[in-house]
Amino acid sequence: MISAAVLRGIGSLTRARAAFTAPLAVRCYSHAKVETDEEFDSRWVTYFSKPDLDAWELRKGMNTLIGYDLVPEPKILDSALRACRRLNDLASAIRILEAVKDKSGPHKEIYPYVIQELNPTLQELGISTPEELGIDKI
């Protein structure tokens, strides 16, 4: 058995907590200008419209764009699809359409709207949708 004297000795070895606490973190908000939707769209249309855009920049731009919490506007996608055509990259064009369908998530009305808006461009560029190619069932 442990004697009471030993227990008192152990109790005296414990430290008392400090009476102060660390300062709380303060958020430093940016004072940068907030980008409007129109400026955002314009920035991405300009990015994909660059005549010297290469395949890596196309993939990097789409990866960044898809990483945002939004479904890109049809005018941005139009510009990206035209960049795919300039680069002769059909696989990236179809992948862009697949990514938009994936980003639409449970909102089933978004993807048909985007395809409807992009249909003239798809016809002009000769790009088939994943549904037309039958790869949406894989």
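Whatever comes next refers back to the structure up there.
Predicted model only: the values in this text are computed from it and were never measured.

**Q** Quick rundown of the pattern of salt bridges? Include the residues and the values.
**A** Tallied over the full model, the rule gives eight salt bridges. Note that Lys 33 and Glu 39 form a salt bridge whose closest N and O atoms lie 2.8 Å from each other. The class of Lys 33 is exposed, set by a relative accessible area of 67%. Because the salt bridges share partners, they merge into one network encompassing Asp 78, Arg 82 and Glu 124.

**Q** Account for the environment of Ala 99, with residues named and values stated.
**A** By the element assignment, Ala 99 lies in helix α5 (residues 90-104). Residue classification places Ala 99 among the buried positions, given a relative accessible area of 12%.

**Q** Can you break down helix α6 (residues 110-125) residue by residue, with the values?
**A** Under the 1.5 Å per step criterion, the end-to-end length of α6 is 22 Å for 16 residues, consistent within 8% with the ideal 22 Å. At Leu 118, α6 shows its strongest bend, of approximately 55°, with the proline Pro 120 following within four residues. Of all the positions in α6, only Tyr 111, Val 114, Ile 115, Leu 118, Thr 121, Leu 122 and Leu 125 are classed as buried. Turning to α6, the residues buried within the fold contact α4 (74-86), α5 and α7 (130-133). Positioned one or two residues after α6, Gly 126 has a phi angle of 75°, which is positive.

**Q** Please give an account of unusual backbone geometry that cites residues and values.
**A** A positive phi is found at Asn 88, a non-glycine position, where the angle reads about 60°. If you trace the backbone, Asn 88 turns up in the loop between α4 and α5.

**Q** Go over the packing of α4 against α5, please, and point to the residues and values.
**A** For any two helices packed against each other, one specifies the crossing angle of their axes together with the interaxial distance. Relative to each other, α4 and α5 sit at 155°, their axes nearing to 9 Å. It follows that α4 is roughly antiparallel to α5 by the angle criterion. Every residue of α5 that contacts α4 at Leu 77, Ala 80, Leu 81 and Cys 84 is listed here: Ser 92, Ala 93, Ile 96, Leu 97 and Val 100. Classifying every residue of the contact of α4 with α5 by side-chain character gives eight nonpolar, one polar and no charged.

**Q** So what about the packing of aromatic side chains? Which residues, and what values?
**A** Centre-to-centre distance and the angle between the planes together describe a pair of aromatic rings. Under the definition given, this model contains six aromatic pairs. Between Trp 44 and Tyr 68, the ring centres sit 6.3 Å apart and the planes meet at 70°, which makes this aromatic pair edge-to-face. With Trp 44 in helix α2 (residues 37-48) and Tyr 68 in the loop between α3 (55-67) and α4, the pair connects residues that are 24 residues apart, well separated along the chain. Their ring planes at 80° and their centres at 5.2 Å tell us that Tyr 47 and Phe 48 sit as a pair that is edge-to-face. Take Tyr 47: its relative accessible area is 21%, and that puts it in the partly exposed class. Taken together, the ring pairs in this structure connect Phe 40, Trp 44, Tyr 47, Phe 48 and Tyr 68 into an aromatic cluster.

**Q** Tell me about the packing of α2 against α4, and please be specific about residues and values.
**A** Between α2 and α4, whose axes approach to 8 Å, the crossing angle comes to 5°. Comparing their axes, α4 and α2 come out roughly parallel. On α4, the residues touching Phe 40, Asp 41, Trp 44, Val 45 and Phe 48 of α2 are Lys 75, Ile 76, Ser 79, Ala 80, Ala 83 and Arg 86. Considered class by class, the residues forming the contact of α2 with α4 number seven nonpolar, one polar and three charged.

Cut-offs applied
- By convention here, each chain's residues receive numbers from 1 onward along its written sequence.
- Confidence filtering applies because this is a predicted model: local features only for residues at pLDDT of at least 70, side-chain atom pairs given and counted only at 80 or more, and all residues used for totals across whole chains, interfaces and linings.
- Each side-chain value is worked out from all heavy atoms of the structure, with water and hydrogens disregarded.
- Salt bridge criterion: a side-chain nitrogen from Lys or Arg within 4 Å of a carboxyl oxygen from Asp or Glu.
- Note on classification: 1.4 Å probe, protein chains only; a residue is buried when its accessible area is under 20% of the maximum for its type, exposed when over 50%, partly exposed between these limits.
- In DSSP terms, a helix is any run of H or I states spanning at least four residues, a strand is any run of E spanning at least two, and both are numbered starting from the N terminus.
- To estimate the expected span of a helix, count its residues, drop one, and scale the result by 1.5 Å.
- Across the chain, bend at a residue is computed as the angle between axes fitted to the seven residues ending at that point and the seven starting from it.
- Contacts: residue pairs with any heavy atoms within 4.5 Å of one another.
- Where helices are involved, their axes are fitted lines through C-alpha atoms of the stretch in contact, as for all axes, and angles between N-to-C directions lie from 0 to 180°.
- To sort the angles, those under 35 degrees are grouped as roughly parallel, those over 145 as roughly antiparallel, those from 65 to 115 as roughly perpendicular, and the leftovers as oblique.
- Residues are grouped as follows: Ala, Val, Leu, Ile, Met, Phe, Trp, Tyr, Cys and Pro are nonpolar; Asp, Glu, Lys and Arg are charged; every other residue, Gly included, is polar.
- For Phe, Tyr and Trp, rings pair up if their centres lie within 6.5 Å, where Trp contributes its six-membered ring, and each pair is then called stacked (planes under 30 degrees apart), edge-to-face (over 60) or tilted (otherwise).

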